[in-house]
Amino acid sequence: MAGTRRKARIVALQTLYELDCTKHKAEEALAHLRAGETLPQEALSFSEELVKGVLQNKSELDALIKKFAPAFPPEQMSVIDRNILRLAIFEILFSDKTPLKVAINEAIELAKEFGGDSSPRLINGVLGSITTERGVER
């Protein structure tokens, strides 16, 4: 299932990227997600849950990114890095379905695959700072 959940995170990341780069409505992007993916229903539901969770908590997620990465405000950060952080912070702070270490590791793996050379270090640093300050343990 880990491979399937990673694919679900990739689909969620692609959907959030689409929403960040276009004027598409969330419902439209989610419809694209449902229509174009061959993921099992459980993984598709997980992707939708991630996307909806990030969108519902976007301002709080961006405030946390701004606080813990002051040199890289969300509006100046690459679209990929910003959305990887949003996904991971949502999973760590707002969802209890993913163990902390798994959420951080998955975010770093997404950064390695889709981000720039410094993306994994940035993602790891921000997530490490958030979990340390918030005292998150799972």
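Residues numbered from 1 in each chain as written. Predicted model: local features only at pLDDT ≥ 70, side-chain atom pairs only at ≥ 80, totals over all residues. Heavy atoms only, no water.

### With respect to the overall build of the protein
Working step 1: Each helix and strand counted, the protein has seven helices and zero strands in total.
Working step 2: For the protein, the succession of helices and strands along the chain, N to C, is α-α-α-α-α-α-α.
Working step 3: Looking at the protein as a whole, 48% of its 138 residues are labelled buried.
Working step 4: Restricting to contacts in the protein with at least 6 residues of sequence separation, those with at least 24 account for 69%.
Working step 5: Across the protein, 19 positive and 20 negative side-chain charges occur, with their mean positions spaced 2 Å apart. (Helix = DSSP H or I, 4+ residues; strand = E, 2+ residues; numbered from the N terminus. Buried < 20%, exposed > 50% of the residue type's maximum accessible area, 1.4 Å probe, protein only. Contact = heavy atoms within 4.5 Å. Lys, Arg positive; Asp, Glu negative; His and termini not counted. Charge placed at Lys NZ, Arg CZ, Asp CG, Glu CD.)

### Comments concerning empty space enclosed by the protein
Working step 1: Using the criterion set out here, one finds one cavity of 30 Å³ or more in the structure.
Working step 2: Considering only enclosed or pocket space, the largest cavity measures out at about 30 Å³ in volume.
Working step 3: Around the largest cavity sit R9, I84, L87, A88, E91, A103, E106, A107 and L110, which together line it.
Working step 4: Elements represented by at least two residues in the lining of the largest cavity include exactly α5 (79–94) and α6 (100–114). (1 Å grid on protein atoms, 1.4 Å probe; cavity = no way out; pocket = protein on both sides within 12 Å on 5 of 7 lines; lining within 4 Å. Points joined across faces, edges and corners; volume = space filled by probe spheres on them.)

### What about helix α3 (residues 41–56)?
Working step 1: When the terminal C-alpha atoms of α3 are compared, their 22 Å separation across 16 residues agrees well with the 22 Å that a helix rising 1.5 Å per residue should span.
Working step 2: All of the buried residues along α3 are A43, L44, F46, S47, E48, L50, V51, G53 and V54. (Expected span 1.5 Å × (residues − 1).)

### Here we look at the side chain of D81
Working step 1: Topologically, D81 is positioned in helix α5.
Working step 2: One buried charge, D81, has no salt-bridge partner; the nearest side chain with opposite charge is R82, at 9.4 Å.
Working step 3: Among residues more than four places away in sequence, those in contact with D81 are G115, S119, L122 and I123. (Salt bridge = Lys/Arg side-chain N within 4 Å of Asp/Glu carboxyl O.)

### Regarding the confidence of the model for the protein
Working step 1: Across the protein, the average pLDDT comes to 89, with 95% of residues at 70 or higher.
Working step 2: Taken element by element, the protein is modelled with least confidence in helix α2 (residues 26–36), mean pLDDT 77, and with most confidence in α5, mean pLDDT 96. (pLDDT = per-residue confidence, 0-100.)

### Some points on the packing of helix α4 (residues 58–68) against helix α7 (residues 119–134)
The geometry of a pair of packed helices is captured by two quantities: the angle between their axes and the separation between those axes.
Working step 1: Running from N to C, α4 and α7 cross one another at 100°; their axes reach a closest spacing of 10 Å. By the criterion of interaxial angle, the relationship of α4 to α7 is roughly perpendicular. On α7, the residues touching L64, K67 and F68 of α4 are V126, S129, I130, E133 and R134.
Working step 2: Residue composition of the contact of α4 with α7, by class: four nonpolar, one polar and three charged. (Axes fitted to C-alpha atoms, helices over the stretch in contact; angles between N-to-C directions. Parallel < 35°, antiparallel > 145°, perpendicular 65-115°, else oblique. Nonpolar A, V, L, I, M, F, W, Y, C, P; charged D, E, K, R; others polar.)

### What about the packing of α3 against α5?
Working step 1: Following both chains from N to C, one finds α3 and α5 inclined at 95°, their axes separated by 9 Å at the closest point. Comparing the axis directions of α3 and α5 gives the class roughly perpendicular. Across the interface between the two elements, F46, E49, L50, G53 and V54 of α3 pack against R86, L87, F90 and E91 of α5.
Working step 2: The residue makeup of the contact of α3 with α5, split by class, is five nonpolar, one polar and three charged.

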